[in-house]
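Breakdown of the fold
Listed below are the residues making up each chain.
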Amino acid sequence: MMMLEFHKHFNRRCYVALCAVIALLVLPCTVSADVLCVQQEDAMAPCSYELPRDTIDQLKIDAGFGWGIFSGSIYNGDGMHLITRLVVSMEPIHDHHHMDMMGDMHAMSHETKIHEIKMNLPPLTKGALSMALPAEDAAIHDFKWEVVKVYGYAVESK
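Overview of the structure.

What follows deals with the overall build of the chain. When you go through the chain residue by residue, the secondary structure sums to three helices and seven strands. Secondary structure elements in the chain, listed N-terminal to C-terminal, are α-β-α-β-β-β-α-β-β-β. Relative to its 158 residues, the chain shows a buried fraction of 28%. Within the chain, counting contacts between residues at least 6 apart in sequence, those at least 24 apart form 74% of the total.

So, in structure tokens, the structure goes:
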């Protein structure tokens, strides 16, 4: 009798633990989507999501670096998506003259960094692109850069 009672409690505890594990595995997917929507500045805008790679290919960007700022113009050639955010990879390019002037070449960063640029760029529209560089990168004059991800959402064509 005592053994039967033990099994009932053991099975109930296993069931509760199993339900908790399942909830933890399923919940993060739901929470992450909600978090993205909450983080958008315009609460009325649809939830942004990562857009397909061909959206990046349809961007036309004329930008560069100066005075600690990455800036220029961007054209969204995608006719179906409004762009809310770019994820850009930036690798510092150091010329030898600049490194000699700065002293120890190991003091300068050579690491590739990932930055996000928020925007609100409708389909088939040209806009401005601007991002202040972090203080540790402000002295670097040039970067090898590329857009690695684009976020946005589909809009209805008019």
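On to the environment of I114. Its place among the elements puts I114 in strand β5 (residues 113-121). Exposure remark for I114: the relative accessible area of 55% places this residue in the exposed category. As for I114 and V148, which are separated by 34 residues in sequence, their C-alpha atoms are 9.0 Å apart. Those residues in contact with I114, other than ones at most four positions away along the chain, are V87, V88 and S89.

To continue, consider the pattern of salt bridges. For side chains bearing opposite charge, pairing can occur when the charged atoms are close. The final tally for this structure, using the stated rule, is one salt bridge. Put simply, R85 and E116 hold a salt bridge, and the shortest N to O gap is 3.0 Å. You can see R85 sitting in strand β4 (residues 81-93) and its partner E116 sitting in strand β5, a full 31 residues away along the chain. You can call E116 partly exposed: its relative accessible area is 47%.

With that out of the way, let us pick up the nonpolar core. Ranked by internal contacts, the top residues of the largest apolar core, which has 20 residues, are F70, I83, L86, M90, I117, M119 and V150. Where this core is concerned, the elements lending two or more residues are β2 (59-66), β3 (69-76), β4, β5, β6 (125-132) and β7 (142-154). Here this core takes four residues from β4, the largest share from any one element. Beyond its immediate chain neighbours, meaning those up to four positions away, F70 contacts A63, G64, F65, M90, I117, L129, S130, M131, L133 and W145.

Spatially, three strands are ordered β2-β3-β6 in an open sheet, and the strand pairing comes out antiparallel. The two strands at the open ends of the sheet, each matched to only one other strand, are β2 and β6. Averaged over all neighbouring strand pairs, the angle between strand axes comes to 15 degrees, with direction disregarded. Where β3 and β6 come together, eight bridges link them in antiparallel fashion. Counted as the bridge partner of S71 is S130 from β6.

Rules used throughout
- Residues numbered from 1 in each chain as written.
- Predicted model: local features only at pLDDT ≥ 70, side-chain atom pairs only at ≥ 80, totals over all residues.
- Heavy atoms only, no water.
- Helix = DSSP H or I, 4+ residues; strand = E, 2+ residues; numbered from the N terminus.
- Buried < 20%, exposed > 50% of the residue type's maximum accessible area, 1.4 Å probe, protein only.
- Contact = heavy atoms within 4.5 Å.
- Salt bridge = Lys/Arg side-chain N within 4 Å of Asp/Glu carboxyl O.
- Core = buried A, V, L, I, M, F, W, Y, C linked by side-chain atoms within 4.5 Å.
- Pairing = 2+ DSSP bridges.
- Axes fitted to C-alpha atoms, helices over the stretch in contact; angles between N-to-C directions.

Worth remembering: the numbers are spatial, not functional.
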